[in-house]
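For reference, the chains in residue letters:
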Amino acid sequence: MKVVILPNDQLVAHYGANIIKRQLADEPRSVLGLATGSTPLMLYQLLVEQYQLGELSFRGVTTFNLDEYLGLSGDHPQSYRYFMDRNLFDHIDIDTAKTFVPDGAMARPQAAAQEYEHNIKVSGGIDVQLLGIGVNGHIGFNEPWSSLGSRTRVKTLTARTIADNARFFADDEYQPHLSITMGIGTILEAKNIVLLATGKSKATAVKNTVEGPITAGCPASSLQLHPSTTVIVDEAAASALDDPEFFKHIERENQMLLARNDL
Ligand code: F6R
């Protein structure tokens, strides 16, 4: 696991956007795994800006989002399909038929989950999976004690996650308590994983992810088993790590090697 600690959330977004940019330069027909939530918003804005400047094209790209609320159709303003359309897809040259978000309005969600897995496989698998992290260490909607081998399925949200996300719903608005989410096993099959975390509220989750034991109690700790995961955090999110200087040292060394073209 590579841990990159940067001074602020803007630099976190830039670092993450550059990984996507390099991926698309190497392979214009890449398959990207995407996340919603507040953390990746700045990164999506940067991708849109780079597309508008002509530095990036998404024409050949396929995307799979991590999750969706069960019971919300894609035109609901709180659905993750709506979020992705408004914050990214509507502003770039991607073929919308190649943007997959689990269908929260399907009559048979378990069947929809299996179809989602099938579509990921048929696409050749995810090249870069972008992740945020919940304050309880969840990734996607895989809450603590989700099976580390889980696949795309229907999951109940914890009271904590419902409370955290309540800010996006009006007081009298229906807020779903169920989701459809890629499983931890699904996420771990991505060739590369990029997890972004910013702000003090994520510090304990980041510590448990990076330094803790691998446990279903912190789903993101499973990423320690993945061969190519980059965790990009700002100082606040890194503030509970035992030895942040170690990771800063490694990253300085990596940057030096990169500059000399040794990596
Ligand atoms: C969203 C998702 C979630 C979020 C996490 C952090 O698609 O998969 O796991 O990444 O809840 O959310 P924010 O970024 O809003 O703190």
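Note: the structure precedes this text.
Draft legend 1. Looking closely at the sheet that holds strand S4 (residues 67-69). Reading across the sheet, the three strands line up as S4-S8-S7 and stay open at both edges, with antiparallel pairing between neighbours. The open sheet has two edge strands with one neighbour each: S4 and strand S7 (153-156). For this sheet, the mean inter-axis angle between neighbouring strands, taken without regard to orientation, is 30 degrees. Here S4 runs beside strand S8 (residues 178-181); their pairing, made up of three bridges, is antiparallel. Residue pairing across strands places Tyr69 opposite Ser179, the latter belonging to S8. The strands that helix H4 (residues 109-122) touches are S7 and S8; relative to S7, the one it contacts most, it runs at about 120 degrees.

Draft legend 2. Geometry of unusual backbone geometry. Phi is positive for Trp145, which is not a glycine, with a value near 80 degrees. Looking at the element boundaries, Trp145 is found in the loop between strand S6 (128-131) and S7. Of the residues examined, Trp145 reaches a relative accessible area of 67% and is grouped as exposed.

Draft legend 3. Layout of the packing of aromatic side chains. Tallying each qualifying case throughout the model produces seven aromatic pairs. On the numbers, 5.6 Å between centres and 85 degrees between planes, the contact of Phe64 with Tyr116 is edge-to-face. With Phe64 in strand S3 (residues 62-65) and Tyr116 in helix H4, the pair connects residues that are 52 residues apart, well separated along the chain. Their ring planes at 75 degrees and their centres at 5.6 Å tell us that Tyr69 and Phe169 sit as a pair that is edge-to-face. On the criterion of sequence distance, the pair formed by Tyr69 in strand S4 and Phe169 in the loop between helix H5 (159-165) and S8 is long-range, its members being 100 residues apart. As far as burial versus exposure is concerned, Tyr69 and Phe169 are alike and both buried. Here the aromatic cluster, defined as three or more aromatic residues joined through ring pairs, consists of Tyr69, Tyr80, Phe141 and Phe169.

Draft legend 4. Seen up close, the pattern of salt bridges. Scanning all chains against the criterion turns up 12 salt bridges. Between Arg81 and Asp85 there is a salt bridge whose closest N-O contact spans 3.2 Å. With Arg81 and Asp85 both in helix H3 (residues 80-87), this residue pair falls four residues apart, about one helical turn. Exposure remark for Arg81: the relative accessible area of 18% places this residue in the buried category. A residue is classified by how much of its surface remains accessible, and Asp85, at 16% relative accessible area, is buried. Across the pair Glu245 and Lys248 runs a salt bridge whose closest N-O atoms are separated by 3.6 Å. With Glu245 and Lys248 both in helix H8 (residues 244-259), this residue pair falls three residues apart, about one helical turn. Judged by relative accessible area, Glu245 falls into the partly exposed class, the value being 45%. Several salt bridges converge on common partners, so that one network encompasses Glu117, Arg151 and Glu189.

Draft legend 5. Structural view of the pairing of strand S9 (residues 192-197). Most of S9 is tucked away: five of the six residues are buried. Sheet topology note: the S6/S9 ladder contains four bridges and is parallel. Bridging across to S9, Val128 finds its partner in Asn192. Note that S9 and strand S10 (residues 229-234) share five bridges and pair parallel. The residue bridging Val194 from the neighbouring strand is Thr230, located in S10. Handedness of the crossover is the feature at issue here: the chain leaves S9, passes through helix H7 (residues 203-210), returns alongside S10, and the resulting connection is right-handed.

Draft legend 6. Here's a closer look at the side chain of Thr161. Relative to the helices and strands, Thr161 resides in helix H5. Judged by its relative accessible area of 1%, Thr161 falls in the buried class. With near-sequence residues (within four places) excluded, Thr161 lies in contact with Asn136, His138, Phe141 and Glu143.

Basis of the calculations
- Residues numbered from 1 in each chain as written.
- Predicted model: local features only at pLDDT ≥ 70, side-chain atom pairs only at ≥ 80, totals over all residues.
- Heavy atoms only, no water.
- Pairing = 2+ DSSP bridges.
- Helix = DSSP H or I, 4+ residues; strand = E, 2+ residues; numbered from the N terminus.
- Axes fitted to C-alpha atoms, helices over the stretch in contact; angles between N-to-C directions.
- Contact = heavy atoms within 4.5 Å.
- Buried < 20%, exposed > 50% of the residue type's maximum accessible area, 1.4 Å probe, protein only.
- Phe/Tyr/Trp six-rings, centres within 6.5 Å; stacked < 30°, edge-to-face > 60°.
- Salt bridge = Lys/Arg side-chain N within 4 Å of Asp/Glu carboxyl O.
- Right-handed = clockwise from strand over helix to strand, strands pointing away.

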